Amino acid sequence: MKDRNISETPKKRKGEKKLKRRPLILRILHTIGTVLLTTFLSFFLLFAVTGTICAIAATIYITNYMENTTSISIQELSTSSATNIYETNAEGELEIVHSVQSEIKRIPVDLSEVPQHVRDAFVYGEDERFYEHEGIDFKRTAASFANMILKFWATEQGGSTITQQLVKNLTGDNESSPQRKIREIHRAMELEKTYSKDEILEAYLNYIGFGGANNGIEMAAQTYFGKHVSDLTIAEGACLAAIPQSPEKNNPFAGHNLTADNPVTGTSYYTDDFVNTGRELNRSRMEYILKHMYEGGAITFDEYQEALNEHLIFTDSDEYIRAHPEKQKLEDDGTITLDDDDEDKPTSWAVDEAIYEFANMLMDERGISFDRALTLINTGGYQIYTTVDREMQNYLEQKFMSMDNILLGMTNTAATTKFRDLDGDGVFSDEENLTLQAGFTAIDYKGRVLCTCGGIGEKKGSLGTSFASNEPQQPGSAIKPVTSYGYALYHDYITWGTQVVDYPPLTIKDENGKEKPWPTNYADTNNVTVYSNATINIYHALERSYNTIPALLVKTYGRQKVFDFATQKLGLDLNEGYDVDYAPLAVGALGYGITVKDLVNAYMPYGNGGYFNDAHIISRIETTDGQVVFNAEDGYHQVIDEETAYVMNKLLQNVVQNGTGVAAQMYMNGNMIPIAGKTGTTSDWYDLMFVGLNPQFVSGVWLGYKENKEIQNHWSLSSPRVWKNIIGEWIANHYYDEDFAKDFPACDSVVVGHVCAATGKIAGMGCPQGVVGYWKSTNLPWCDNRALGLGYSATEDDENPDVIW
C-alpha cells in the first residue's frame, strides 16, 4: 500500500457542511463570563463556608460567654439598702425613727403594699409588654442594637425591659457594647426563669433611682409627697413612674440655681435663686404614662381625667408645709420651712441603745472592734425593730428635760448643784459646776425595753454616754435581793421569818491597822453606822436594808455560789476578778459597777413567776430580703421556781409598804397599787438607786454626778421618791387600761400565815402572832407551838388572812 502524504489536504466528503468559526467578540465574552461565573461561584462557596464557620464560632463564643457570665440574685439587693430602725407609735404602727444612709436612701416594701395603679404606671411607662415577654422584648432590643451600631438616634435608644433594668442596676454593668447587651440579655432571661413577675417587679420598685440619693418607691413617695406608697393616688403614682427614665432631670425637684456676673472680677457665680426644671418634664411624661394606662385598660376614662386634673402637693410646697406643722422649722430670717435636716439631729436615747446593742452582738459573734461593728451596721441594709413604747418614751423624755421634775417635793436643781470655779476666774460656769444626772430604764416581763433615758436635759449628741445603759454605777443595797437574799431563798436556806442576829460577821482593818467589825448598818439619825446584836427576822432585815445580814449569808453559803447565782441565774454583769467577794455581793461595792439596765433586768424574774430574758431594745433584726438574723424572744426561759419569785416579790412589796421604800407607795381610788422595790445608796452618798416593780413592768433609776462626788444636800433626797416622780404618773394613768396588769402572778402552792413572834416560824394556836408571812411549800417551818394551826393558800386574800386554828 502506498503511503499517504500527510501534507495532502483531505478531500471533502460528499454531503459534509463547512464549519464556521464564532466571531471573536463572542469568544471573548464567553471567556469572560466563564471566568466571572467561576469566580462568583468560588467566592460564594468561600463566603458560605466562612459564614458557616463564623456562625459556628459565634454560637460557640456566645454560648461560652453566657456560661461564663456571672449569675445574679435578687437577694443582692439586701446589701445595698439603708439600715433602718423602727419603733411602734401610739396607733400601733411601725415607724422609721432612724435611717443610716451612706450614698443612697431606700426603704424596702412588699409588693402587696404597692397599689395596683402604681404598679401599672411603671409597667405602662417602662415596659408595657412586661407580663408577656420572658425577660427580653425583642422588638425594642433590635431597635436598641441598630441604634448602638448605626446611630439612628442622637441619644441611646432604650430597649431594656424592667427585668433588664433590674439586671443593670444589680450588676452595675453600664458598658455600652454588644458584649454587655449579650450579658444583660442572658442574665435577664435567667432571672425570669428563677423569679416570678411579681418578685421581679417588687425588686425593681425597691431598687430604681428617683433622683439624688432617693432609691425605691417608698422613699420616693415619702420624699416627694410625704406619704407611704400605699397611700399614693393614680396621678401621684404616674408622677413617680415618670422619674426613672431620667431621674436627675424628670424628678419634680430637679433644677438649677441662676448665675450672675461679678462686676469686680468678671467671673460668674451661682445665686440663691433656684429654677425648677423638673416639674415640667415630669408632667409631660406623667401625662404620657396616664394616656397609655387608659389605652391599655388599666384605668377608666373618668379615672384618667381625674388624674390629669388632680392638684399634686409636693413636700417642697408652702401648701404642704402649712398642712404639716409638726414638720415646720423656723429659719433665722423668720420664714417657716420643712424641717428635714435629720442628719444634723442627735439620735434619740432609744436609737443609741439599739445601735449599741446590735454592735455588741456583732463584737461578741465576730470578735471585731466597735468601729468595725458600727460600719457593718451602717452598710449592711439591716431592718432593726425595737421594743420601745413610743408614748411611754415621749413621756419619759419630757420628765428628763429638767432635774426639777425628778426632785419635785424634795429639793431643786440649784440646791443639789456643786458650784465650782476650777479656773479661778471668779465665775461658776456650767462647764465647771456639777449638776445631778440621772438614768432610767423600764423593762417589761419579757425583757423588752419599753423606755430609756440616759441623761438630764436636751440630748446634744449621738452614741454618747448613757447613765441608763452603758455607764456602770454602784448599786449599793439594791444588789441584795439578786445576790445574797435571792440565793438563800432559792435554795431554801432562809424563809420569810428566819431569825438572824444583827451583828457584823466579818472584820476589816481601820486606818490604824486595828480590826473592826464589818459591815455595819446605816442609821438615819446623825449618820451613825450601827448594829444592834438583836435577833431579827429576814423580812425585817431586808425591809430596813441591814448590811450585816447579807454579809452573814454570803459568808455562810459561799461567795462563789452567790456570785454564780447572780450572774448565771439572774444575768448580772459582774466582774469575776473583783466581785467574788463580800463587799460587792453583800453591800454592792462593785469593782466596776453595773448599769441601771442590767440591775433592772436581774429583778425581772421576781415579777413574772421566775422567768428571765436578756434585756433588749431590739426585738428582731432582718436583712432586706426578710431573713431574720436575730429574734430576742428566743431567749425567754425560767431561771428560778415560781415560789421563790413569789415570796421574794412579797418581801420587796414589804420594803415599799413598811420599809425604806415607803416613798414609792401609790394609791388609786383609795387602793394601794402593788409596788415592790428596793433602795440602794452608797456609803459615801455618791450614788442613789431604786428598782421598782409593778404588775406591768420593772424599772429603775440612778441619781448622781458625772464625777464620784458626794451629792450636795443628799439628806433631802429619797431614791424611791425620785423613782415615783419619774414613772408614778405613768403607772397611775394607765393602771386601769384594759391591757395593764392589776397584780403580780399568783402562786397557789405558797403558804400564807402569821409569823411566830418568838421563833420566826409559821405561827400556831399558842404562838404570839407577828406579821403575815409567805412560805415556799418546800420549806415550811411550823412552830412547835402551832397545835392544830393551819396556813392558807397565797391565792386567798392577803390583806385579810383567814388563818384557821
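A brief look at the structure comes next. (Residues numbered from 1 in each chain as written. Predicted model: local features only at pLDDT ≥ 70, side-chain atom pairs only at ≥ 80, totals over all residues. Heavy atoms only, no water.)

**Here we look at the environment of Asn 169**
The condition that has to hold: A run of H or I in DSSP becomes a helix once it reaches four residues, and a run of E becomes a strand once it reaches two; helices and strands are each numbered from the N terminus. Here's how the labels work: a residue is buried when its accessible area is under 20% of the maximum for its type, exposed when over 50%, partly exposed in between, all with a 1.4 Å probe on protein chains only. We call two residues contacting when some pair of their heavy atoms lies within 4.5 Å.
Mapping Asn 169 onto the fold places it in helix α4 (residues 162-171). Note on Asn 169: relative accessible area 32%, which makes it partly exposed. Separated by 39 residues in the primary sequence, Asn 169 and Ile 208 have C-alpha atoms spaced 7.4 Å apart. When near neighbours in sequence (up to four residues on either side) are disregarded, Asn 169 contacts Tyr 207 and Ile 208.

**Brief notes about the pattern of salt bridges**
Worth spelling out the cut-off: In what follows, salt bridge is the name for a side-chain nitrogen of Lys or Arg lying within 4 Å of a carboxyl oxygen of Asp or Glu.
Counted by the stated rule, this structure contains 18 salt bridges. Put simply, Glu 190 and Lys 193 hold a salt bridge, and the shortest N to O gap is 3.6 Å. A residue pair is termed a helical-turn pair when its members lie 3 or 4 positions apart in one helix, as Glu 190 and Lys 193 do in helix α5 (residues 178-194) at three residues. Residue Glu 287 is joined to Arg 283 by a salt bridge in which the shortest nitrogen-to-oxygen separation is 2.9 Å. Highlighted residues: Glu 287 and Arg 283, both in helix α10 (residues 278-295), separated by four residues, approximately one helical turn. Overall, the relative accessible area of 34% leaves Glu 287 in the partly exposed class. Given the relative accessible area of 26%, Arg 283 is considered partly exposed.

**Some points on helix α8 (residues 234-241)**
Across the eight residues that make up α8, a large majority, eight, are buried. For α8, the full list of buried residues reads Ile 234, Ala 235, Glu 236, Gly 237, Ala 238, Cys 239, Leu 240 and Ala 241. Looking at the buried side of α8, the elements it contacts are α2 (116-126), α7 (217-225), α10 and α11 (301-309).

**Regarding the nonpolar core**
Nonpolar side chains in soluble globular proteins tend to end up buried together. Put simply, the rule is: Side-chain atoms within 4.5 Å link the members of a nonpolar core, which is a set of buried Ala, Val, Leu, Ile, Met, Phe, Trp, Tyr and Cys residues.
The biggest cluster of nonpolar side chains holds 89 residues, and the ones touching the most others in it are Tyr 603 and Tyr 606. When residues in this core are grouped by element, the largest group, eight residues, is from helix α13 (residues 349-366). Filtering out sequence-adjacent residues up to four positions away, Tyr 603 remains in contact with Ala 478, Pro 481, Val 482, Leu 652, Lys 678, Val 691, Leu 693 and Val 698. Counting residues in hydrophobic clusters, the runner-up holds 51 residues, among them Phe 130, Cys 239, Leu 290 and Ile 299.

**Topic: empty space enclosed by the protein**
Here is the rule: Throughout, the protein atoms alone are placed on a 1 Å grid, and a set of points is a cavity if a 1.4 Å probe fits but cannot get out or a pocket if it is open with protein on both sides within 12 Å along at least five of seven lines; lining residues have an atom within 4 Å of a point. Grid points are joined across faces, edges and corners, and a volume is the space filled by probe spheres set on the points. When residue character is reported, Ala, Val, Leu, Ile, Met, Phe, Trp, Tyr, Cys and Pro are called nonpolar, Asp, Glu, Lys and Arg charged, and the others, Gly included, polar.
Considering all chains together, one arrives at three cavities of 30 Å³ or more under this definition. The computed volume of the largest cavity comes to approximately 40 Å³. Forming the walls of the largest cavity are Leu 489, Asp 492, Ile 494, Thr 495, Trp 496, Val 647, Tyr 774, Trp 775, Lys 776 and Asn 779. The class makeup of the residues in the lining of the largest cavity is six nonpolar, two polar and two charged.

**So, the sheet that holds strand β2 (residues 94-100)**
What counts is decided by this rule: Pairing between two strands requires that DSSP report at least two bridges joining them. Axis angles are defined between N-to-C directions and span 0 to 180 degrees, where every axis is a line fitted to C-alpha atoms and, for a helix, only to the segment in contact.
Pairing is mixed across the open sheet formed by five strands, whose spatial order is β2-β1-β9-β19-β20. Two strands lie at the open edges of the sheet, namely β2 and β20 (628-631), each paired on one side alone. Averaged over all adjacent pairs, the angle separating strand axes in this sheet is 20 degrees, with direction ignored. Of the strand pairs in this sheet, strand β9 (residues 383-389) and strand β19 (residues 618-622) are connected by four bridges, and their pairing is antiparallel. By the bridge assignment, Gln 383 is partnered in β19 with Glu 622. Sheet strands touched by α13: β1 (83-88), β2, β9, β19 and β20. Its angle to β19, the strand with the most contacts, is close to 60 degrees. Contacting β1 and β9, helix α15 (residues 390-399) runs over the sheet at an angle of about 65 degrees to β9.

**Brief notes about the environment of Leu 191**
Within the secondary structure, Leu 191 sits in helix α5. In sequence terms Leu 191 and Leu 166 are 25 residues apart; their C-alpha atoms lie 9.6 Å from each other.

**Looking at the packing of aromatic side chains**
Heads up, the condition is: Note on aromatic pairs: the rings of Phe, Tyr and Trp (six-membered ring only in Trp) are paired at centre separations within 6.5 Å, and the planes decide the class, stacked below 30 degrees, edge-to-face beyond 60, tilted for the rest. We call a charge positioned above a ring when the Lys NZ or Arg CZ atom is no farther than 6 Å from the ring centre and deviates by at most 35 degrees from the ring normal.
Counted according to the given criterion, the structure contains 27 aromatic pairs. Aromatic pair Tyr 487 and Tyr 557: ring centres 6.3 Å apart, planes at 50 degrees, arrangement tilted. Taken together, the positions of Tyr 487 in helix α17 (residues 484-490) and Tyr 557 in helix α19 (residues 548-557) put the pair 70 residues apart, joining distant regions of the chain. Through successive ring pairs, a cluster of aromatic residues spans Tyr 487, Tyr 490, Tyr 493, Tyr 557 and Phe 565. One Lys or Arg, Lys 446, reaches over the ring of Tyr 636 and ends 4.1 Å from the middle of that ring.

**Digging into the state of the cysteines**
Which entries qualify depends on this criterion: Here, a disulfide means two cysteine sulfur atoms that sit within 2.5 Å of each other.
Inspection of the entire model under this criterion finds zero disulfides. Free cysteine Cys 453: the closest other cysteine sulfur is in Cys 451, separated by 7.4 Å.

**Topic: the packing of α8 against α10**
Geometry of a packed helix pair, given as the angle between the helix axes and the separation of the axes. Which entries qualify depends on this criterion: Should the near helix be turned counterclockwise from the far one by less than a right angle, the crossing is left-handed, whereas a clockwise turn marks it as right-handed.
Packing of α8 against α10 leaves a shortest axis separation of 8 Å and a crossing angle of 115 degrees. Our pair here, α8 against α10, has a crossing hand that is right-handed. Between α8, through Ile 234, Ala 235, Ala 238, Cys 239 and Ala 241, and α10, the contact on the second element is made entirely by Asn 282, Met 286, Ile 289 and Leu 290. Across the contact of α8 with α10, the residue classes tally to eight nonpolar, one polar and no charged.

**A short note on the sheet that holds strand β26 (residues 697-704)**
Spatial ordering of the open sheet is given by β11-β10-β26-β25-β24, a layout of five strands whose pairing is antiparallel. Each end of this open sheet is capped by a strand with a single partner; those strands are β11 (449-453) and β24 (676-681). Neighbour-to-neighbour, the strand axes of this sheet turn through a mean angle of 5 degrees, independent of strand direction. Where strand β25 (residues 687-693) lies against β26, seven bridges are found, and the strand directions are antiparallel. Within the sheet, the bridge partner assigned to Val 691 lies in β26 and is Gly 700.

**Points about the side chain of Thr 644**
To keep things clear, this is the line we draw: Pairing of N or O atoms within 3.5 Å defines a polar contact, subject to two protein rules: one partner must be a possible hydrogen donor and the other a possible acceptor, and residues neighboring in sequence count only if both atoms are side-chain atoms.
By the secondary structure assignment, Thr 644 is in helix α23 (residues 642-658). Within the structure, Thr 644 has its side chain in polar contact with the side chain of Lys 776 (distance 2.8 Å). With near-sequence residues (within four places) excluded, Thr 644 lies in contact with Leu 489, Tyr 490 and Lys 776.

**A closer look at the pairing of strand β14 (residues 515-518)**
Alignment of strand β13 (residues 506-509) against β14, held across four bridges, turns out to be antiparallel. Note that in β14 the partner of Lys 509 across the bridge is Glu 515. Hairpin remark: β13 followed by β14, antiparallel, with five residues in the connecting loop; positive phi at Gly 513, about 85 degrees.

**Structural notes on a nonpolar patch on the surface**
Quick note on the threshold: A patch is a set of surface residues, each over 30% in relative accessible area and not in a salt bridge, joined within 9 Å for like charges and within 5 Å for the nonpolar side chains Val, Leu, Ile, Met, Phe, Trp and Tyr. Only the protein chains shown count as cover for residues, and all accessible areas are computed by the Shrake-Rupley method using a 1.4 Å probe.
A contiguous nonpolar patch, built from Leu 24, Ile 25, Ile 28, Leu 29, Ile 32 and Leu 36 and spanning about 580 Å² of accessible area, is present on the exposed surface. Given the relative accessible area of 39%, Ile 28 is considered partly exposed.

**A short note on unusual backbone geometry**
Pro 519 follows Trp 518 through a cis peptide bond whose omega is -10 degrees. Summarising the element assignment, Pro 519 is placed in the loop between β14 and β15 (521-522). Backbone geometry at Leu 463 places phi at a positive 55 degrees, although glycine is not the residue there. Residue Leu 463 is classed as partly exposed on the basis of its relative accessible area, which comes to 25%. The phi torsion at Ser 545 lies on the positive side, around 60 degrees, for a residue other than glycine. Taking relative accessible area as the criterion, Ser 545 reaches 13% and is therefore assigned buried.

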